Amino acid sequence: MSKHKKIETTALTPPGHDSESLVKDFRRYFSHTLGRNHYQSTPHYEYIALAMTLRDRLMVGVNNTRHTYEHHDSRRVCYLSMEYLIGRSLRNAALNLDLGDEFNTALEQLGLDEEEIVELEHDAGLGNGGLGRLAACFLDSCATLGLPVIGYGIRYQYGMFRQKIADGHQIEEPDSWLRGGHPWEIERPEYEQPVQFGGRVERYIDDDGRAHTRWVDTHDVLAIPFDIPVPGYQNGTVNTLRLWSAVATDEFNLDEFNAGSYTEAVAARIAAENITMVLYPNDASENGKELRLRQQYFLASASLKDVFRQWVNRHGENFDNFADKHCFQLNDTHPSIAVAELMRLLIDVHGLTWDAAWNITSNCMAYTNHTLLPEALECWSVGLLEQLVPRVMEIVREINSRFIAEIEVRWPGDPEYRERMAIITEGPDPVVRMAHLAIVGSYSVNGVAELHSKLLKQGLFSDFHQLWPTRLNNKTNGVTQRRWLKACNPELSNLITASIGEGWVTDLEQLKNLAPLARDAAFRESWQAVKQANKMKVAALVKEGCGIELYPDAIFDVQVKRIHEYKRQLLNVLHVIHLLQRIHRGDVADWTPRCVLIGGKAAPGYFMAKLIIKLINNVAKVVNADPRTRGLLRLVFLPNYNVSTMETICPGCDLSAQISTAGKEASGTGNMKFMINGALTIGTLDGANIEIREAVGADNFFLCGMNAEEVAEKREQYDPKGIVAADDDLCEVMEVLQSGHFNLSEPGIFNPIIDSIFSPHDAWMTAADFPSFVAAQRRVASTFGDRERWTEMSILNTAASGHFSSDRTIREYNRDIWRLEPVSPVREPGH
Ligand code: 26Q
């Protein structure tokens, strides 16, 4: 490094933000860099050239931002997440760069259509659902608030699978999102890090006679970082998302080569590179997969080593202030092996004592929990950890022993606390409970909605809450209004800005100034016209996606999210079947036409979820083919629901279905996107629905189902057969399901669903909430019939949605957990 000749960049003029500069750069990239001309090109290269043009402008921000953080010696947060569901970046980059009309002028001069060119970008689908999208919204808010936050994640070659529907069944296809190039990333091989696997642990005595441990004979894999710029909203800040990609080391190759086998050497390389090949498509834990554990350790180790590289560069081997300068926010337990890895690096590599290392670790780790399903809490077998990362497992054992000693002090002679709370379970097949490791190793543990955090304190983590009463806290989720209102719903954004100004873009609470306008008939008319136009776009999306024509004047009743029993897409279908029966019996006086739209992916190994998709499709086929439903009812399963389809769907939705079994959905974030865009919610008292209802008022929310307490109570003696027998509508629905009407050529295929509804062990209690759901849907239908009232409620929902901005969420993380100083970037000297 010392002899390295520095390249002078300070005299460079930054790329212009005027339309001429944009046009010139676009042409240069298109022609000189990409080698295309208008005779031999595809529109794809127009997108690439435009992305490169914008990326140049983002890089200026990246450099200024980095320089400013270094200048201030800023405390930093490293957000560790296995998932980032970024979606598309082009529109976001253009919006956040503050190019204003210059961007549109440039597009016009180039003869490019923004809508069209935006569609050419492939979604970056590096996540499953809520947790991954939350990480992406958080990065947006952190950059907008000028907070020194770096995201660390994995650069999967294959993101979330593409979903096709064949004969009603889900088919998974690989999503090779990097094909055709990913113009937003910058590879930084100079920051590669080795990650160790396997090998054995060795003790040795150093020259001063001190005992140490080292981890030797390991099979190392190289982690190469790829940086993606994360621009704040028109504030000059551009933070970084650093994604790691695995490649084999040359030694790795040599080992095998010396053993004389070239093909085995290549096979070994491929195995190493497999680590970052594919995102696991489960949104609840599928335990035990070795490759998944490799991914988790790979992320944790590479990211921590990257932080140490920077620290040692600046401070040498003095770690006194390390915890003052860092916080690692763990996005669920997925990266929580970082607790032990940080201890290992401090002790084995940098020579700290256990106590000094623990003091640092437990003062810079913070853990966010995203689930209330006990079966979804991650556990890893001790045997597997021992084999894969022996030294790390040794450290986990030591953390566990010391923690157990602490429990003994607090609850002397009470083995039950120890059994329940231990990090490593007792018995013949011990496992590491990753949540316990994360809680013990963190100074903050948070849930993601008020109810969720309360239930964590009372249930899953109650022992820990007793032991450390200040550690558990709540941070209700939010979403970024820049993507989820301004960019995805320009018509509504313009109407809002014309009425209350544009302050809401960085201060969503200002939407409350819309509330008085709900009583203004002219404003309601404009509001409704925007909604109608957005519904036409949803209708076009549906027409293209599955060939069905929707009725633009009908209620658009939408449930899009991962397919899960607890989310109860099944309850939604049962309601549609009920509506079909009402039509059949001629019970259609004052009928409100309705289009029910369901979308979402099932984990490939989740049998029931896949069967629910099949049921939705089969019922849809019957409903849509029945001439009696014409103009009254449509049911659609929209294939391949993803971030980009949500950007079209949420502006054009009337009714958002959020009907999980109470006490099961940690928060939900789709519920917030719909609300911001003026949808009304039909929902249970679960997750953030409760806060949504409080914000907008009970009159403007369609409540259904049992609350969490009632669910717990009813579970004691749940009698679905009795419930079905007592409800004529449900009885009829179950009869037609059982008759095989929806699966005439596939006898019996829906029996597992029918059986689950009738089972007293149905954890999701679908039958119990059916009558109340149907009643709430009747209120929906009659309210929708009164267009003025509905529109008023729609406006009031948007007006009350200010609380659900991720800016608010991030401010709370920062106030209570991170304690970062916001900084505004200054130009790097010379720039
Ligand atoms: C774990 C182990 C092995 C393989 C996969 C997984 C895995 C992957 C993803 C487990 C869980 C997830 C994702 C969970 C998730 O998205 N949870 C959702 O998080 C949202 C953001 O906080 C909440 O709004 C939702 O309520 C919650 O379900």
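Residues numbered from 1 in each chain as written. Predicted model: local features only at pLDDT ≥ 70, side-chain atom pairs only at ≥ 80, totals over all residues. Heavy atoms only, no water.

Visitor: What's the story with the side chain of His212 in this structure? I'm lost.
Guide: One can find His212 in strand S10 (residues 211–216). With a relative accessible area of 17%, His212 lands in the buried category. Among the polar contacts made by the side chain of His212, one reaches the side chain of Asp206 at a distance of 2.7 Å. Setting aside chain neighbours within four positions, we find His212 in contact with Glu202, Arg203, Tyr204 and Asp206. (Helix = DSSP H or I, 4+ residues; strand = E, 2+ residues; numbered from the N terminus. Buried < 20%, exposed > 50% of the residue type's maximum accessible area, 1.4 Å probe, protein only. Polar contact = N/O pair within 3.5 Å; in protein donor to acceptor, adjacent residues only side chain to side chain. Contact = heavy atoms within 4.5 Å.)

Visitor: Looking at this structure, how should I read a negative patch on the surface?
Guide: A cluster of acidic residues, Asp18, Glu20, Asp101 and Glu102, forms a negative patch at the surface. Tracing the backbone through its elements, the reader meets Glu20 in helix H1 (residues 19–33). (Patch = residues over 30% accessible without salt bridge, like charges linked within 9 Å, V, L, I, M, F, W, Y side chains within 5 Å. Areas by Shrake-Rupley, 256 points an atom, 1.4 Å probe, with all protein chains shown as cover. Salt bridge = Lys/Arg side-chain N within 4 Å of Asp/Glu carboxyl O. Lys, Arg positive; Asp, Glu negative; His and termini not counted. Charge placed at Lys NZ, Arg CZ, Asp CG, Glu CD.)

Visitor: Mind showing me how you'd approach the sheet that holds strand S19 (residues 555–560) here?
Guide: The strands making up a sheet are joined through hydrogen bonds of the backbone, oriented either antiparallel or parallel. Within the open sheet, the six strands sit side by side as S21-S20-S19-S22-S23-S24. Their pairing is parallel. One side of each edge strand has no neighbouring strand; the edge strands of this open sheet are strand S21 (633–638) and strand S24 (702–703). Inspection of the sheet shows strand S20 (residues 594–599) paired to S21 by six bridges, in the parallel sense. Residue pairing for S21: Ile598 is matched across the bridge by Phe637. Taken strand by strand, helix H22 (residues 569–584) contacts S19, S20, S21 and strand S22 (655–658), and its axis lies near 155° from that of S20. (Pairing = 2+ DSSP bridges. Axes fitted to C-alpha atoms, helices over the stretch in contact; angles between N-to-C directions.)

Visitor: Please explain the environment of Glu792 as it appears in this structure.
Guide: Mapped onto the secondary structure, Glu792 falls in helix H32 (residues 787–799). Residue classification places Glu792 among the partly exposed positions, given a relative accessible area of 24%. Each C-alpha atom, one on Glu792 and one on Thr497, is 18 Å from the other, the two residues being 295 residues apart in sequence.

Visitor: Explanation requested: the packing of aromatic side chains in the structure shown.
Guide: Centre distance and the angle of the planes are the two values used to describe a pair of aromatic rings. Scanning all chains against the criterion turns up 22 aromatic pairs. Plain terms: the ring middles of Phe308 and Phe319 are 5.5 Å apart, the flat faces sit at 50° to each other, and that makes the pair tilted. Of this pair, Phe308 sits in helix H9 (residues 290–315) while Phe319 sits in the loop between H9 and helix H10 (322–325), and the two are eleven residues apart along the sequence. Residue class for Phe319 comes out buried when judged on its relative accessible area of 5%. (Phe/Tyr/Trp six-rings, centres within 6.5 Å; stacked < 30°, edge-to-face > 60°.)

Visitor: What should I look at first to understand the packing of helix H20 (residues 490–500) against helix H21 (residues 521–546) in this one?
Guide: The axes of two packed helices give the description: the angle between them and the distance between them. Interhelical geometry of H20 versus H21 gives an angle of 165° and a closest axis separation of 9 Å. Classified by the angle between their axes, H20 and H21 sit roughly antiparallel to one another. Crossing handedness for the pair H20 and H21: left-handed. Note on element contacts: H21 touches H20 through Phe523, Ser526, Trp527, Val530, Asn534 and Lys537, opposite Glu491, Leu492, Leu495, Ile496 and Ser499. Partitioned by chemical class, the residues of the contact of H20 with H21 number six nonpolar, three polar and two charged. (Parallel < 35°, antiparallel > 145°, perpendicular 65-115°, else oblique. Left-handed = near helix turned anticlockwise from the far one by under 90°. Nonpolar A, V, L, I, M, F, W, Y, C, P; charged D, E, K, R; others polar.)

Visitor: Sorry if this is basic, but what is going on with the pattern of salt bridges here?
Guide: Two side chains bearing opposite charge may form a pair once their charged atoms approach each other closely. All told, the structure shown has 56 salt bridges when counted by the stated rule. The shortest N-O distance in the salt bridge between Asp306 and Arg309 comes to 2.8 Å. In this pair, Asp306 and Arg309 are both assigned in helix H9, three residues apart and thus about one turn of the helix distant. The buried category is assigned to Asp306, whose relative accessible area is 0%. Salt-bridge contacts for Arg344 lead to Glu341; the nearest nitrogen and oxygen are separated by 2.9 Å.

Visitor: Could you clarify how one ought to interpret the site of the ligand in this entry?
Guide: Contacts to the ligand come from 22 residues, most closely from Leu131, His370, Asn477, Glu665 and Gly668. A distance of 2.9 Å is found between an oxygen atom of the ligand and a backbone nitrogen or oxygen belonging to Leu131. The backbone of Gly668 places a nitrogen or oxygen atom 2.8 Å from an oxygen atom of the ligand. For the ligand, the protein covers 93% of the area, taking 610 Å² as the surface of the free molecule. A total of three residues in the shell around the ligand trace back to one element, the largest contributor, which is helix H6 (residues 130–144). Taken together, the residues of the shell around the ligand break down into six nonpolar, ten polar and six charged. (Near = heavy atom within 4 Å.)

Visitor: Looking at this structure, how should I read the packing of helix H12 (residues 354–364) against helix H14 (residues 390–410)?
Guide: Across the interface, H12 lies against H14 with an axial gap of 13 Å and an inter-helix angle of 85°. Taken together, the axes of H12 and H14 lie roughly perpendicular to each other. Here H12 contributes Trp354, Asp355 and Trp358 to the contact with H14, which in turn contributes Ile395, Glu398, Ile399 and Arg402. In terms of residue class, the contact of H12 with H14 is made up of four nonpolar, no polar and three charged.

Visitor: Looking at this model, I keep getting lost on empty space enclosed by the protein. Mind explaining?
Guide: One simple way to see leftover space: roll a probe sized like a water molecule over the atoms. One pass over the structure, following the stated rule, counts eight cavities of 30 Å³ or more. In this structure, the largest cavity encloses a volume near 250 Å³. In terms of lining residues, the largest cavity is bounded by 17 residues, among which Ile86, Ser89, Asn92, Val230 and Arg483 are the most central. Looking at the lining of the largest cavity residue by residue, the class counts come to eleven nonpolar, three polar and three charged. Each pocket or cavity is described by its volume, and for the second largest cavity that value is around 110 Å³. In terms of lining residues, the second largest cavity is bounded by Trp527, Gln528, Lys531, Gln532, Lys535, Asp654, Phe784, Arg787, Trp790, Thr791 and Ser794. (1 Å grid on protein atoms, 1.4 Å probe; cavity = no way out; pocket = protein on both sides within 12 Å on 5 of 7 lines; lining within 4 Å. Points joined across faces, edges and corners; volume = space filled by probe spheres on them.)

Visitor: Can you walk me through the environment of Thr669 in this structure?
Guide: By the secondary structure assignment, Thr669 is in the loop between S22 and helix H25 (670–676). You can call Thr669 buried: its relative accessible area is 10%. Separated by 192 residues in the primary sequence, Thr669 and Asn477 have C-alpha atoms spaced 6.9 Å apart. With residues near it in sequence (within four places) discarded, Thr669 still touches Gly130, Leu134, Asn477 and Val479.

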